[in-house]
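# Tertiary structure, described
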Amino acid sequence: MKTNIDKELLPMKAHYFLFNAGTAPVVPFMPTLAQQLGYSSVVVGTMYMILPIIGMLAKPLFGYIADRYHRHRLLFLSGQVITGIAFFMIMFVPAIDKPLPQVQFHCHAGVSSIRHCSDHGDCVEKNMETFYGNQTLACDLQCEAEPFMWDIVCEDWLKNQTENCAANRTNPQLNFSTSINMKDIVEEADCLFFMIPQDRGEVAGQSVPLYCPAGKQYFNASCRMDCHDDYLKEQLSESPVINTMGAMAQPQFWFFFGMLIISWIGMAVVVSIGDAICFGILGDRHHLYGKQRLCGSLGWGIFALLAGVLVDHMSKGSANKNYTVVFCMALVIMGFDVLASSKLKVTQTHLSSNILKDVGQMFLSLRCVIFFLWCVAIGLGTALIWNFLFLYLELLDKQYMGCDSSIKTLEGLVMAIQCFGGELPFFFLSGWILKRIGHVNAMSLVLFGFGVRFILYSMLQNPWYILPIELLNGVTFGLFYATMASYASIVAPPGTEATMQSLVGAIFEGVGVSMGSLIGGILFNGDPRTTFEIFGIAAFIIFVVHVSIQMFLQRNGSTDENGKGRVSSGSASASTSSEAAKPKDTSEVRSIKKPSNDGFSDVDLS
């Protein structure tokens, strides 16, 4: 039997694939990049609270403009261009200058050393031995000095050869120079000891032995060390943790955040108008939306995994990850998306005479209000996964994996499994699932899936054990997104499709994801594991409440298994002449057959 393929849908499939392929290398890594730049989890949460609000405002605004002025194609392509350029510009965000490394200078019983402790001392030692070999570095130390330390400097280092040396006993700072050989490093626990030969010292321009007798007080000074070497500074310096007020005072923060805002607006426009274009092409076959959207999961999974592997490969031997490749990938792939999307056929068979009034009536419907609240609840959980899951994995990675870390590869695998093992099959089967269990039961299933997923996260020890858990992404995102988009298309009055998709997306991200980012950022700053426990328990509670409400409504005849209101004989109200031609209840909208001249054909494989 010959398979019929709707060629009109091929550009739509190409768009979903390329758009997700272009955003996958950048979007998931932005919270970890922000943390690498030194911003605290509260700052990350605050940024990702504001970004969805920007999207909430942008989606309905541009959706309304698209519907009102028939500018779907222009806004759609412009959004793609803006997104690609904004992502690429993030590559030029200047790094925050790290302070000089904090070390301890030890001198006693004829042994001198410089001690540096960190959470990944073994990794630092391996990196430096590989990078430097047998190289020797000259370093200047600025140490906090006590009076007895000056006694040792004057009597045992300078041998009382410098006039008025003892007068420095009141000086709180001691400056001297020495040299360290990268082969003379001793590792103990999480600390590195740079051993210093006694003859390698210089004080006030004089070469001196850094010798401290056993009979005198232990010389242990806190110092800042400057070896005039960027790589050593990168390895030994800890990134400063910048709070909200500190971030707001930095120009580079506003450049970074500004590019995120612009890219978020671009993505909001592309996603909302793109879905409206897709449903316009599908016509009555809105249940086939998942089959189009699964192409996006395919692009996301492939290029997220590729990006993770490339970042790890390009960051070998470095204390920080090098994200240059992901920004270049985003720009190039988004360019191809613009070319593919220019082939789309944009159609709209109806135009509402009063878009805002028609969409506003949705808030008077109990089933729509429950649907909107469900979108908010899902947004709360989604925010924790989108913005804090990788930060959680990197904490586990430091605790359990040590130096043998390929965290970006793991994060790429996480996204690949989310797509190929979770989203892909559920997007493909979403039409069948929604027909079998209905939209309302699908909504309850999504809530239950979030509860299970978060509780399993809270039990993680080895970060690599997360991989099988990510199969649940098929329920928590694949089934969710298909349900949300399909239900929004069903209840949307004719001519408001783009506005309705934008509104639902705005509620999901602008309210749900925004609130979840702020709450998650505050809780995550305390105890990440407990944060996932709290969100998991909350998801189970909301699941029980949602099931109870829907059972009550169905028992009283208010809705059916798809959440559709049952119309009574007295439910229709008077309407204007412009409204008389359309169904009195928006649940009947999709019973209207699209005109045959739209070019739609009945096919099995779309």
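Presented here is a report on the structure given in the accompanying data block. In this text, all values refer to a predicted model and were calculated from it rather than measured experimentally. (Residues numbered from 1 in each chain as written. Predicted model: local features only at pLDDT ≥ 70, side-chain atom pairs only at ≥ 80, totals over all residues. Heavy atoms only, no water.)

## Notes on the overall build of the protein
Looking only at helices and strands, one finds 18 helices and nine strands in the protein. Looking at the protein as a whole, 53% of its 606 residues are labelled buried. A separation threshold of at least 6 residues defines the contact pool for the protein, and within that pool the share at least 24 residues apart is 84%. For the protein, the accessible area works out to roughly 25,600 Å², and carbon and sulfur atoms hold 60% of it. (Helix = DSSP H or I, 4+ residues; strand = E, 2+ residues; numbered from the N terminus. Buried < 20%, exposed > 50% of the residue type's maximum accessible area, 1.4 Å probe, protein only. Contact = heavy atoms within 4.5 Å. Areas by Shrake-Rupley, 256 points an atom, 1.4 Å probe, with all protein chains shown as cover.)

## Regarding the state of the cysteines
Under the counting rule described, the total for this entry stands at four disulfides. Covalent S-S linkage joins Cys117 and Cys191, the inter-sulfur distance amounting to 1.8 Å. What sets the handedness of the Cys117 and Cys191 disulfide is the S-S torsion sign, and at about 100 degrees it is right-handed. You can see Cys117 sitting in strand S2 (residues 111-117) and its partner Cys191 sitting in strand S6 (residues 191-196), a full 74 residues away along the chain. On the basis of relative accessibility, which here comes to 36%, the residue Cys117 falls in the partly exposed class. (Disulfide = S-S within 2.5 Å.)

## Quick notes on the packing of aromatic side chains
On inspection of all chains with the given rule, the structure shows 37 aromatic pairs. For the ring pair Phe131 and Tyr231, a centre distance of 3.9 Å and an interplane angle of 15 degrees mean the geometry is stacked. Taken together, the positions of Phe131 in helix H5 (residues 121-132) and Tyr231 in helix H7 (residues 230-236) put the pair 100 residues apart, joining distant regions of the chain. On the accessibility criterion, Phe131 (49% relative accessible area) is partly exposed. (Phe/Tyr/Trp six-rings, centres within 6.5 Å; stacked < 30°, edge-to-face > 60°.)

## A word on the sheet that holds strand S5 (residues 185-188)
Read from one edge of the open sheet, nine strands run S5-S6-S2-S1-S9-S3-S4-S7-S8, paired in antiparallel fashion. Strands with a single pairing partner mark the edges of an open sheet, and in this sheet they are S5 and strand S8 (206-207). Sheet analysis places strand S3 (residues 136-144) next to strand S4 (residues 173-181), joined by nine bridges and oriented antiparallel. Of the residues in S4, the one forming a bridge with Leu137 is Ile180. Contacts from helix H6 (residues 147-157) reach strand S1 (102-108), S3, S4, strand S7 (201-203) and strand S9 (219-226), with the element oriented near 85 degrees to S9. (Pairing = 2+ DSSP bridges. Axes fitted to C-alpha atoms, helices over the stretch in contact; angles between N-to-C directions.)

## Side note on the packing of helix H1 (residues 10-23) against helix H9 (residues 251-282)
H9 packs onto H1 with a crossing angle of 160 degrees between their chain directions and a minimal axis gap of 11 Å. Judged on the interaxial angle alone, H9 and H1 are roughly antiparallel. As H1 runs across H9, the sense of the crossing is left-handed. Counting all contacts with H1, which are made through Met12, His15, Tyr16, Phe19 and Thr23, the residues of H9 involved are Met267, Val270, Val271, Gly274, Asp275, Ile277, Cys278 and Ile281. Considered class by class, the residues forming the contact of H1 with H9 number nine nonpolar, three polar and one charged. (Parallel < 35°, antiparallel > 145°, perpendicular 65-115°, else oblique. Left-handed = near helix turned anticlockwise from the far one by under 90°. Nonpolar A, V, L, I, M, F, W, Y, C, P; charged D, E, K, R; others polar.)

## A closer look at the nonpolar core
Counting residues in hydrophobic clusters, the biggest one holds 122 residues, and the most contacted among them are Tyr39, Ile90, Phe256, Phe371, Trp374 and Tyr457. With sequence-adjacent residues up to four places away left out, Tyr39 is seen in contact with Ala34, Val44, Ile96, Ile242, Ala247, Gln250, Gln252, Phe253 and Phe256. Counting residues in hydrophobic clusters, the runner-up holds 41 residues, among them Val124, Leu141, Leu158 and Met182. (Core = buried A, V, L, I, M, F, W, Y, C linked by side-chain atoms within 4.5 Å.)

## Notes on a nonpolar patch on the surface
Together, Val81, Ile85, Leu331, Val332, Phe336 and Leu339 make up an exposed nonpolar region whose accessible area comes to about 540 Å². Here the nonpolar patch takes four residues from helix H11 (residues 324-341), the largest share from any one element. Within the element layout of this structure, Val81 appears in helix H4 (residues 72-90). Taking the relative accessible area as the measure of exposure, Val81 reaches 39% and is therefore partly exposed. (Patch = residues over 30% accessible without salt bridge, like charges linked within 9 Å, V, L, I, M, F, W, Y side chains within 5 Å. Salt bridge = Lys/Arg side-chain N within 4 Å of Asp/Glu carboxyl O.)

## Observations concerning the pairing of S1
Taken across its seven residues, S1 has five buried, putting it largely inside the fold. Sheet topology note: the S1/S9 ladder contains six bridges and is antiparallel. The partner of Gln102 across the bridge, within S9, is Arg224. When S1 meets S2, the two strands line up antiparallel, connected through five bridges. Counted as the bridge partner of His108 is Val111 from S2.

## As for H11
Turn by turn, an α-helix covers 3.6 residues, leaving residues three or four places apart pointing in a common direction. Here H11 spans 26 Å end to end across 18 residues, near enough to the 26 Å set by a 1.5 Å rise per residue. The complete set of buried residues in H11 reads Val325, Val326, Phe327, Met329, Ala330, Ile333, Met334, Asp337, Ala340 and Ser341. (Expected span 1.5 Å × (residues − 1).)

## Digging into the environment of Gly505
With respect to the helices and strands, Gly505 occurs in helix H17 (residues 497-524). Judged by its relative accessible area of 5%, Gly505 falls in the buried class. Setting aside anything within four residues of it in sequence, one finds Gly505 in contact with Lys59 and Gly510.

## Some words on the pairing of S2
Hairpin connection, S1 to S2: the antiparallel pair is bridged by two residues, and Ala109 has positive phi, about 55 degrees. As paired strands, S2 and S6 are joined by six bridges and run antiparallel to one another. If you follow Ile114 over to S6, its bridge partner there is Phe194.

## Points about helix H3 (residues 41-69)
Look at H3: 42 Å from first C-alpha to last across 29 residues, which is about the 42 Å you get at 1.5 Å a residue. Looking at the residues trailing H3, positive phi occurs at His70, about 55 degrees.

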